[in-house]
Amino acid sequence: MPLPRLMRAVRNVDNTGPAGLQVTEVPVPAPAADQALVEVHCAGVTFPDVLQTRGDYQLRIPLPFTIGCEFAGVVVAAGPDAGVVPGQRVAAIGASGAFAEYALVGHKQVLPLPDELSFEDAAALPMNVLTADFALAHRGGLRAGETVLVHGAAGGLGTALVQRAKLVSARVIAVVSSDERATVARAAGADETIAPDGFLEAVRALTGGRGVDVVADPVGGDRFTDSLRSLATDGRLLVLGFTGRSIPTVKVNRLLLTNTAVIGVAWGGLMATGAISPRDQWESLGDAVGTGAFRPPATTVHALADTPTAVASLDDRSAVGKLIIRMRED
């Protein structure tokens, strides 16, 4: 069957936030030699999507453009160097373009799917799983038996951080803001859950005053100082983002006195420049994805037309778990 000439897509036209997104028709793109064109079945909503609606993301894309960073579907056309073939089930990651009926992806960003993984789960995993892997394994050097404190542990990235830590038999203390979110974090594998208010005292009680070896922090804001204080000697604080809306500062004398480190985790920036290959990283995780070691939290599925509402719910932090945009039925 020939491809249609036009497709529906969610476009950022004016950097005015989620409410300004428009669902419109645009031409179906054609793949270059190292690209595949994928019929998108499901796409995952991520925090970079929120930032892109206001032009605040570190990777600036000229207006107008189709937003969305991760998706899953079936290859319908592929260049000779794409590394996949038509008919193949894949997930993918890119700087933009996921919230559309068809999307282009380069050979380093296309991820072959195990048969066990549905399109819905596949669209919910790549960015969070690969960010968590890069953060804990590559930047944090997490080792078996260490203790990890995970902020925002009930979200998509938070649950992936919990699951990646459990792959090496680390102990996980999850910071969550409600009983509902505590249930999500425990289902992902967290050993203990604590509230944001007073988390430093809770960490000290749970660790016998020693502190944790690693803090994984996608929140930032006013939690940052107490996150530093919660570290044990030789501890590492991983900076994954600022969903708390404010960017904290650090007094480096504390790092000197406690032999601790603050480590930036900019996986997305490295992926965009080609410095890392998401496909190689995905394949290095072996059977962990296919066997269920990584699973997204409970998902909320929206139709393509409802994408602005879905992105807004992530923006105002009312969303729980992972948000999915369904383009078509599996």
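Caption draft 1: Up close: the overall build of the protein. Helices and strands together make up the secondary structure of the protein, namely eleven helices and 16 strands. The C-alpha radius of gyration of the protein comes to 20 Å, within 12% of the 20 Å expected for a compact globule of 330 residues. Taken along the three principal axes of its C-alpha coordinates, the protein extends 65 × 40 × 35 Å. The buried share of the protein, reckoned over its 330 residues, is 55%. Nonlocal contacts in the protein, meaning residues at least 24 apart in sequence, comprise 68% of its contacts between residues at least 6 apart. For the protein, the distance from the average position of its 28 positive side-chain charges to the average position of its 34 negative side-chain charges is 6 Å.

Caption draft 2: Up close: empty space enclosed by the protein. Applying the stated criterion to the full structure yields one cavity of 30 Å³ or more. If you add up the space inside the largest cavity, you get close to 50 Å³. In this structure, the largest cavity is lined by 13 residues; those nearest its centre are Ala 124, Leu 125, Asn 128, Gly 156 and Pro 296. At the level of elements, helix 3 (126–139) and helix 4 (156–167) are the ones that each hand at least two residues to the lining of the largest cavity.

Caption draft 3: Local environment of the sheet that holds strand 2 (residues 22–27). In spatial order, the strands read 2-1-4; together these three strands make up an open sheet with antiparallel pairing. Among the strands making up the open sheet, the edge pair consists of strand 2 and strand 4 (65–66). Taken together, the two bridges between strand 1 (residues 6–12) and strand 4 define a ladder with antiparallel strand orientation. Following the sheet pairing, Asn 12 is matched in strand 4 by Phe 65.

What counts as what
- Residues numbered from 1 in each chain as written.
- Predicted model: local features only at pLDDT ≥ 70, side-chain atom pairs only at ≥ 80, totals over all residues.
- Heavy atoms only, no water.
- Helix = DSSP H or I, 4+ residues; strand = E, 2+ residues; numbered from the N terminus.
- Rg over C-alpha atoms; globule rule 2.2 N^0.38 Å.
- Buried < 20%, exposed > 50% of the residue type's maximum accessible area, 1.4 Å probe, protein only.
- Contact = heavy atoms within 4.5 Å.
- Lys, Arg positive; Asp, Glu negative; His and termini not counted.
- Charge placed at Lys NZ, Arg CZ, Asp CG, Glu CD.
- 1 Å grid on protein atoms, 1.4 Å probe; cavity = no way out; pocket = protein on both sides within 12 Å on 5 of 7 lines; lining within 4 Å.
- Points joined across faces, edges and corners; volume = space filled by probe spheres on them.
- Pairing = 2+ DSSP bridges.

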